[in-house]
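Summary of the model geometry
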Amino acid sequence: MNMGFLGVGLYHFSLYMICVGLAFYFMKTGRL
Amino acid sequence: MFKIIFFCFIFIFLFVSVYLGRKSKGLNDFYVMGGTAGPWLIAGTYTATWVSAVGMVGITGAAYKSGPLMAILIWGAFTGFIISAFFIGPKLRRFGQVTLGDYFQARFDSPFIRILSSVVTLVGLGAYFISQLVGSAVITEGVLGIPFNIMLPLMVIVFAIIAITGGARSVTVTDTIMFAMVCVFIGMFFSPMILAKVGMENISAFAKSNPTFFTATGGVVGWGTIIGWQVLWGLGNAANPAAITRAYLAKDARTWTEAIMLALMITIPVVWLSHLAAGAVHVVNPDLANPSSVLVWAATDLVTPIVGALAIAGLFAAVLSTASTQILTLGFSISRDIYETFFLKEAGAEAEKKLLKVARGSIALIAVLSVVIAWGRPTIVLLVGNFGSSVFAAAFFPVLIMGLWWSGCTRQGAVASMLTGLILDTLLSIIPVFMGQKLAWSGYLPFGIHPVIWSVVGAFIVLYAVSAATRPSESQLMVFQQCNTINPEIELSTPKKSLVSFTYSTAAVGVAVLAFAVWFGSKVAP
């Protein structure tokens, strides 16, 4: 396994997941 | 052949612009499309403005030369997408006018800060715009063989016509069409075909003998620089007037958030695929004299003629789509922030007519000025592009985000912070030039940390310290309230179901990107 690919893949994956988490949080609190 | 594609291209987009210009209804439409754009149009113009020719051609060149993973990391603006989507865009949209200067003046009750923000916009975005312009003209010169000094005014005329005819409407629609071309032609057809043509077994064999080529640093940059890119482009993108003012166009807050999710869903996979493809070209042809020509070489020599021609059209789309929003934002900075605020004498319908004329005139003025500055291809211009983004990160970002989130943020604090960010970033970036190094070289600073990080931290500290020592006025607090009061009927008119499905799609794309990275990573293990 190339650790660089795993790392950058996880970095971009975490950006998507932060986006998803924030969207649900903002919807729950009535801001979106 | 390429010339025919290019000129067909220009003709089609000019036709679309003129058609949309005829449909344009008044000043508000010219400025912000009447605030009616849906998620696809916003995502299109937002990403097209950011995915530039210099990025698509210059950074794929770096992927070819030094390794694809390092080049993917240069695209550091994705954090900025998220900050814009949730923390800046929705609140700024509630204020809802035309430029960042509109917001700064109202929030801090100060015409001076509007002038200051116009200066930062004109310097930062102007530097970025002209560097893109020179880069784009160099690329088209290389592909088409048309001399730079003919290409430059030709392209500026095209951008100016797109922006002048229909304002925000024509720029947004043409940007979206062009961005779709970049994604489909380069992301979906061209890049996978290059990877297939080179063959995964050859790429694997190459990785065994050249292990550093597939590392995150490519063996050529330090981690300080990589983190610097994420801050410079992340915060710079979040506070870039050409990007964040797209929030004014959005139909409502949910539309804005959906648009940025869409931008993330599309851009990250396209960046991965195109840069891995550029890196793969190195496996079959490591001897290109000019690394930036890697995609052009692959289009002519590696894939089928139709896919190659479409890829070249995609590159032209990247060339033409970046500058139109920039020229529009620059023009508005003059017409709205300076002329309308300080010189307009007419009122009512007369004023609107006059302002439309001035807005168009300002775009034309920026067009002429940019040709004059970029004439003869000054090399310094290419270096100042990054600097433009770092100025937004340092001078705008702290004031923008704190002004929206902290009621105690005062005029004095904002002015002091903006000046600190601007001056500190300029000084720290220029000092290396006198040491015989590149602009914004960070080797002389403690821990090799990029100038932009010091400047952003400095601007935040000054903002907090000065604001804590002063008090905001009533009118400042009123604008803060306006930005922080949600009116669900207007703002959340898009059904929640729609936002939920965008959110699930984002999660699905995230999983797919990770799965792809792991799969590719297993093929290029050292």
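**A look at the overall build of chain B**
Counting its secondary structure elements, chain B contains 23 helices and zero strands. Against the globule reference of 24 Å for 526 residues, chain B gives a C-alpha radius of gyration of 23 Å, in line with a compact fold. Overall, chain B is about 70 × 55 × 55 Å in size when its C-alpha atoms are taken along their principal axes. For chain B, the residues scored as buried account for 57% of the 526 residues in total. Long-range contacts, defined as pairs at least 24 residues apart, comprise 86% of the intrachain contacts of chain B with a sequence gap of at least 6.

**Looking at the interface of chain B and chain A**
Facing the 35 residues of chain B at the interface are 25 residues of chain A. Of all the secondary structure elements, the ones that give two or more residues to the side of chain B that touches chain A are helix 5 (68-74), helix 6 (78-95), helix 14 (253-284) and helix 23 (496-523) of chain B. If you tally residues by element for the side of chain B that touches chain A, the top one is helix 23 of chain B, at 14 residues. Tallied by class, the residues present in the side of chain B that touches chain A amount to 25 nonpolar, eight polar and two charged.

**Details of helix 7 (residues 100-107) of chain B**
Because the α-helix completes a turn every 3.6 residues, residues three or four places apart line up on one side. Residues and elements named next belong to chain B. Burial within helix 7 is extensive, with eight of its eight residues counted as buried. Within helix 7 the residues assigned to the buried category are Leu100, Gly101, Asp102, Tyr103, Phe104, Gln105, Ala106 and Arg107. Positioned one or two residues after helix 7, Asp109 has a phi angle of 50°, which is positive.

**Considerations on the confidence of the model for chain B**
The predicted coordinates ought not to be read in detail in places where the model reports low pLDDT. Taken residue by residue, chain B gives an average pLDDT of 91. The fraction at 70 or more is 99%. As scored by the predictor, the complex reaches a pTM of 0.93 and an ipTM of 0.98.

**Overview of helix 16 (residues 305-342) of chain B**
Residues and elements named next belong to chain B. Here helix 16 contains 38 residues, and its C-alpha end-to-end distance of 56 Å stays within 8% of the 56 Å for a straight helix at 1.5 Å per residue. Approximately 25° is the largest bend angle found in helix 16, and it occurs at Phe332. Most of helix 16 is tucked away, with 30 of its 38 residues classed as buried.

Basis of the calculations
Residues numbered from 1 in each chain as written. Chains lettered and ligands numbered in written order. Predicted model: local features only at pLDDT ≥ 70, side-chain atom pairs only at ≥ 80, totals over all residues. Helix = DSSP H or I, 4+ residues; strand = E, 2+ residues; numbered from the N terminus. Rg over C-alpha atoms; globule rule 2.2 N^0.38 Å. Buried ≥ 20, exposed ≤ 12 C-beta atoms within 10 Å, placed from the backbone. Contact = placed C-beta atoms within 7 Å. Nonpolar A, V, L, I, M, F, W, Y, C, P; charged D, E, K, R; others polar. pLDDT = per-residue confidence, 0-100. Expected span 1.5 Å × (residues − 1). Bend = angle between axes of the 7 residues up to and from the residue.

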